[in-house]
Amino acid sequence: MSLPTVAFLGIGLMGLPMATNLLNAGYQLTAWNRTRSKAEMLESWGAKVADTPREAVLNADVVITMLENGPVVEDVLFGQNAAEHCDTGTLIIDMSSIPPEMAKDHAKRLEALGLKYLDAPVSGGTVGAEQATLSIMAGGNKATFESAEYLFGVLGRSATYIGPSGSGQLAKCANQAIVGITIGAVSEALLLAAEGGADPAAVKEALLGGFASSRILELHGQRMIDRNFMPGATSRVQLKDLRTILDTAHAQNLTLPLSQRVYDEYLNMTAKGMENCDHSGLLLQLESLNQPARLGDGETLRPALVEKK
């Protein structure tokens, strides 16, 4: 069958491997990124590179946005007029993580322009993007979702229809609440074990065989033990997602004390200049509250120096 042409807006840590997977699957793709050199990395895979978002979307059947936050998505689609330059009937798939209410607003405004829309944020990080194993949570019209399933299959192992517009972003909020709180729990558990004299690597392996087992314990627990805090997902983005969770909860008259406490710790962490550290680096914030503490081989824990990008 003939594959739709794709405009991919946002070639960052996640966007680069996702766009590469589409190119490898045979999609014709035009890429745009604020820093053009990042988009140019796709030229060797056959992508075209556009100077502006509105140039990128010309004649595209599908426009995918993978941008850092809601205000950036708003600016690219409406401030820089990308949406107005799309052909009638073009499908806009926003795979960024933005507030659910903003996704609902975008759906209405894009529909008024004669465009289709799905909010389809993802989970799985850079590894999931590279291996095309992302979990995709989609909100919008169900028939529109079904028309995009083949494309989603190139990017992830599962795409789930959640409900009407904004529902995908609500699912992502739920995901990020679990991720952030669990990273905090794993950090505290390994710190507690190490300070008491246990081998944190052995503790991790023991816990993986029991009810506390999780992918975060497996992967981020190992990052903490190895002290590998190069970003797969940054603390800055985790903080942004937790803020969205709390704002969404407030709008629903909900109090989420665990999310609030983890948000406060990420806020303190980023205030110390570690915003570009991987979100598993929350351990560093806990260490700073508990100096001196030790983790493995008698090494004194210390905040790592993470170069700002």
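Each value, and the rule that gives it
Residues numbered from 1 in each chain as written. Predicted model: local features only at pLDDT ≥ 70, side-chain atom pairs only at ≥ 80, totals over all residues. Heavy atoms only, no water. Helix = DSSP H or I, 4+ residues; strand = E, 2+ residues; numbered from the N terminus. Rg over C-alpha atoms; globule rule 2.2 N^0.38 Å. Buried < 20%, exposed > 50% of the residue type's maximum accessible area, 1.4 Å probe, protein only. Contact = heavy atoms within 4.5 Å. Axes fitted to C-alpha atoms, helices over the stretch in contact; angles between N-to-C directions. Parallel < 35°, antiparallel > 145°, perpendicular 65-115°, else oblique. Left-handed = near helix turned anticlockwise from the far one by under 90°. Core = buried A, V, L, I, M, F, W, Y, C linked by side-chain atoms within 4.5 Å. Phe/Tyr/Trp six-rings, centres within 6.5 Å; stacked < 30°, edge-to-face > 60°. Lys NZ or Arg CZ within 6 Å of the ring centre and 35° of its normal. pLDDT = per-residue confidence, 0-100. Right-handed = clockwise from strand over helix to strand, strands pointing away. Pairing = 2+ DSSP bridges. Nonpolar A, V, L, I, M, F, W, Y, C, P; charged D, E, K, R; others polar.

Enquirer: Would you mind showing me how to read the overall build of the protein chain here?
Expert: The number of helices and strands found in the protein chain is 13 helices and 9 strands. For the protein chain, the C-alpha radius of gyration of 20 Å lies close to 19 Å, the compact-globule estimate for 309 residues. In terms of overall dimensions, the protein chain has a C-alpha envelope of 65 × 50 × 35 Å along the principal axes. Looking at the protein chain as a whole, 49% of its 309 residues qualify as buried. A separation of at least 24 residues holds for 65% of the contacts in the protein chain among residues at least 6 apart in sequence.

Enquirer: How do you make sense of the packing of helix 8 (residues 167–195) against helix 12 (residues 257–271) when you look at a structure like this?
Expert: Axes are the key here: two packed helices are described by the angle between their axes and the distance separating the axes. Running from amino to carboxyl end, helix 8 crosses helix 12 at an angle of 65 degrees, the nearest separation of the two axes being 9 Å. By the angle between their directions, the pair helix 8 and helix 12 is classed as roughly perpendicular. Here helix 8 and helix 12 pass one another in a crossing that is left-handed. Contacts between helix 8 and helix 12 involve Ala177, Gly180, Ile181 and Ile183 from the first element and Leu258, Ser259, Val262 and Tyr266 from the second.

Enquirer: I would appreciate a short explanation of the nonpolar core in the present structure.
Expert: Generally speaking, nonpolar side chains in soluble globular proteins are found buried as a group. Ranked by size, the top nonpolar core spans 34 residues in total, and within it Leu22, Met95 and Phe152 carry the most contacts. Looking at this core, the elements with two or more residues in it are strand 1 (6–9), helix 1 (15–24), strand 2 (29–32), strand 4 (62–65), strand 5 (91–94), strand 8 (134–140) and helix 7 (142–155). If one sorts the elements of this core by residue count, helix 7 sits on top with 6 residues. Non-local contacts of Met95, meaning those with residues more than four positions away in its chain, are made with Met18, Ile64, Thr65, Met66, Ala120, Pro121, Val122, Ile136, Phe152 and Leu155. Membership of the second largest hydrophobic core comes to 25 residues, among which are Cys173, Ile216, Met224 and Leu239.

Enquirer: How do you make sense of the environment of Met66 when you look at a structure like this?
Expert: Looking at the element boundaries, Met66 is found in the loop between strand 4 and helix 4 (70–79). For Met66 and Arg109, which are 43 residues apart along the polypeptide, the C-alpha to C-alpha distance reads 19 Å.

Enquirer: Looking at this structure, I do not really get the packing of aromatic side chains. What am I missing?
Expert: Within a pair of aromatic rings, the relevant descriptors are the distance that separates the centres and the angle that separates the planes. Under the counting rule described, the total for this entry stands at 2 aromatic pairs. Each member of the aromatic cluster is reached from another via a ring pair, and the members are Phe145, Phe152 and Tyr161. Between the NZ or CZ atom of Arg109 and the centre of the ring of Phe78, over which it lies, the distance is 3.8 Å. Here the basic side chain of Arg243 rests over the ring of Tyr263, its NZ or CZ set 4.8 Å away from the ring centre.

Enquirer: Would you mind showing me how to read the confidence of the model for the protein chain here?
Expert: Low-confidence regions, as indicated by low pLDDT, have predicted coordinates that should not be scrutinised in detail. Per-residue confidence for the protein chain gives a mean pLDDT of 93, with 94% of residues at or over 70. Within the model, the stretch residues 293–298 combines pLDDT values under 50 with 18 contacts to residues more than four positions away or in other chains. Considering only residues more than four positions removed or in separate chains, one finds that residues 300–309, a stretch of pLDDT under 50, has 28 contacts.

Enquirer: What should I look at first to understand the pairing of strand 1 in this one?
Expert: Two faces make up the sheet, and in a regular strand the side chains alternate between them. Taking every second residue as pointing to the same face, both faces of strand 1 are buried, with Val6 and Phe8 on one and Ala7 and Leu9 on the other. Of the crossover connections in this fold, the one passing from strand 1 over helix 1 to the parallel strand 2 is right-handed. Sheet analysis places strand 1 next to strand 4, joined by 4 bridges and oriented parallel. Within the sheet, the bridge partner assigned to Val6 lies in strand 4 and is Val62.

Enquirer: Explain the packing of helix 4 against helix 5 (residues 100–112) to me, please; I cannot follow it from the model alone.
Expert: Packing of helix 4 against helix 5 leaves a shortest axis separation of 11 Å and a crossing angle of 10 degrees. Regarding the angle of helix 4 to helix 5, the classification is roughly parallel. Counted together, Gly70, Pro71, Val73, Glu74, Leu77 and Phe78 of helix 4 and Met102, His106, Arg109 and Leu110 of helix 5 form the full contact between these two elements. Grouping the constituent residues of the contact of helix 4 with helix 5 by class yields 6 nonpolar, 2 polar and 2 charged.

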